[in-house]
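Chain by chain, the residues run as shown.
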Amino acid sequence: MTARAARASRGAALFDVDGTLVDTNYLHTLTWWQALRRHGHDVPMSRIHRAIGMGADRLLDAVLGERRQHAEDSAIADSHAALYAAWYGNLRPFEGSTELLRAVAARGWRVVLASSASEEEVAAVRGLLDADEVIEAVTSSGDVDATKPAPDLVETALEAVGAESENAVFVGDTVWDVEAARRAGLPCIGLLTGGTTRAELEDAGAVLVCEDAMTLLRRIDTSPLSRPRQ
C-alpha cells in the first residue's frame, strides 16, 4: 500500500466546536442578541439560540428572514464578532473534551475540527482544547460558500484529510450539525451540551445522543467511534 493510500484508508472523526467541545452556545446567543439590538432588531433570545450552529449567513436568514435588507449583514456580524471576542478569556472546554479527542486519535481516527464559526473564533477555542498534537485539520466558515446545515463544511473537512464519508463520523450538538452530516453521507453523534434536546437530535437523525463529551468518552468503545474501518 502506498503512503497516500494508507493515509486515505484511515477514517475521519469530525467535531463541531461551539457547544460540542467548548461551552459557548449561550454566549453566542447573548452576543448575537446584543449585535442585533445595536442595529435596531429586537429578536427573542430563544429564536437566536435555535439558530446557533449555523454560520452567520444562515443565522441571519433564520432570525430576520431571507427577504430582509442584506446590506447590514456584515455590520451585524462584525458587531457580534467584537462582542463575542470580549469573552475569549472566559471560555472553557467541557469536561472530557480534550481527552475525547486524544482517545479518538488513539483509536486510529484522523481528528478534524469542522465549525461554522469564523477562523478567528475557532482559533480562540482551539487553544483551550490543548490537543493540537492530535488535530490534523481545521475548517471554518471562511473555507466554504455555504455553512451548516449545508454539507459543504463537512465535505471540505473530509477532503482536508483525504477521507471518505463511509469511513467518517461527525460529532455535534445541534440539529444543523446532524443535517449537515446526513447531507454529506455520514452519521452524526449528538451531544446535549449545546442546549438542543435529545428528542430534537434523534428526530433529526443522530445515531447516538450522549449528555456530554465525558459521557461519549466513557462509551467510546460501544459507539460509532470505536474504530475506523480498515
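Residues numbered from 1 in each chain as written. Predicted model: local features only at pLDDT ≥ 70, side-chain atom pairs only at ≥ 80, totals over all residues. Heavy atoms only, no water.

(A) Just the packing of aromatic side chains, in detail. Enumeration according to the criterion identifies one aromatic pair in this entry. Geometrically, the ring pair formed by Tyr-84 and Tyr-88 is edge-to-face, given 5.7 Å between the ring centres and 85° between the ring planes. Judged by its relative accessible area of 0%, Tyr-84 is buried. (Phe/Tyr/Trp six-rings, centres within 6.5 Å; stacked < 30°, edge-to-face > 60°. Buried < 20%, exposed > 50% of the residue type's maximum accessible area, 1.4 Å probe, protein only.)

(B) Structural view of the nonpolar core. Ranked by size, the top nonpolar core spans 32 residues in total, and within it Phe-15, Leu-100, Leu-101, Val-104, Leu-216 and Leu-225 carry the most contacts. Elements supplying a minimum of two residues to this core: β1 (12-15), α6 (97-106), β2 (110-114), α7 (119-129), β4 (168-172), β5 (188-191), β6 (208-210) and α11 (213-218). With near-sequence residues (within four places) excluded, Leu-225 lies in contact with Ala-13, Val-104, Arg-107, Trp-109, Val-169, Val-171, Ile-189, Leu-216 and Ile-220. (Core = buried A, V, L, I, M, F, W, Y, C linked by side-chain atoms within 4.5 Å. Helix = DSSP H or I, 4+ residues; strand = E, 2+ residues; numbered from the N terminus. Contact = heavy atoms within 4.5 Å.)

(C) Inspection of the layout of surface pockets at higher detail. In this structure, the largest pocket occupies an estimated 470 Å³ of space. Forming the walls of the largest pocket are 26 residues, and the residues nearest its centre are Ala-56, Ser-116, Ala-117, Ser-118 and Glu-121. Sorting the residues of the lining of the largest pocket by element identifies α2 (25-38), α4 (56-64), α5 (73-85) and α7 as the ones contributing at least two each. Taken together, the residues of the lining of the largest pocket break down into nine nonpolar, 10 polar and seven charged. Around the second largest pocket, the lining residues are Asn-25, His-49, Arg-50, Ile-52, Thr-174, Val-175, Trp-176, Gly-194, Gly-195, Thr-196 and Glu-200. Of all the elements in the fold, those that place two or more residues in the lining of the second largest pocket are α3 (45-51) and α9 (175-184). Here the lining of the second largest pocket is composed, by residue class, of three nonpolar, six polar and two charged. (1 Å grid on protein atoms, 1.4 Å probe; cavity = no way out; pocket = protein on both sides within 12 Å on 5 of 7 lines; lining within 4 Å. Points joined across faces, edges and corners; volume = space filled by probe spheres on them. Nonpolar A, V, L, I, M, F, W, Y, C, P; charged D, E, K, R; others polar.)

(D) Looking closely at the packing of α2 against α5. Put simply, α2 and α5 touch, their axes get as near as 8 Å, and they point 135° apart. Classed by the angle they form, the pair α2 and α5 counts as oblique. Judged by the sense of rotation from one axis to the other, the crossing of α2 with α5 is right-handed. Counting all contacts with α2, which are made through Leu-27, His-28, Thr-31, Trp-32, Gln-34, Ala-35, Leu-36 and Arg-38, the residues of α5 involved are Ile-76, Ala-77, Ser-79, His-80, Leu-83 and Tyr-84. (Axes fitted to C-alpha atoms, helices over the stretch in contact; angles between N-to-C directions. Parallel < 35°, antiparallel > 145°, perpendicular 65-115°, else oblique. Left-handed = near helix turned anticlockwise from the far one by under 90°.)

(E) Main features of the side chain of Thr-31. Its place among the elements puts Thr-31 in helix α2. Assessed through its relative accessible area of 0%, Thr-31 is described here as buried. Here His-28 takes part through its backbone oxygen, which lies 3.3 Å from a polar atom of the side chain of Thr-31. Excluding anything up to four places from it in sequence, Thr-31 contacts His-80, Leu-83, Tyr-84 and Trp-87. (Polar contact = N/O pair within 3.5 Å; in protein donor to acceptor, adjacent residues only side chain to side chain.)

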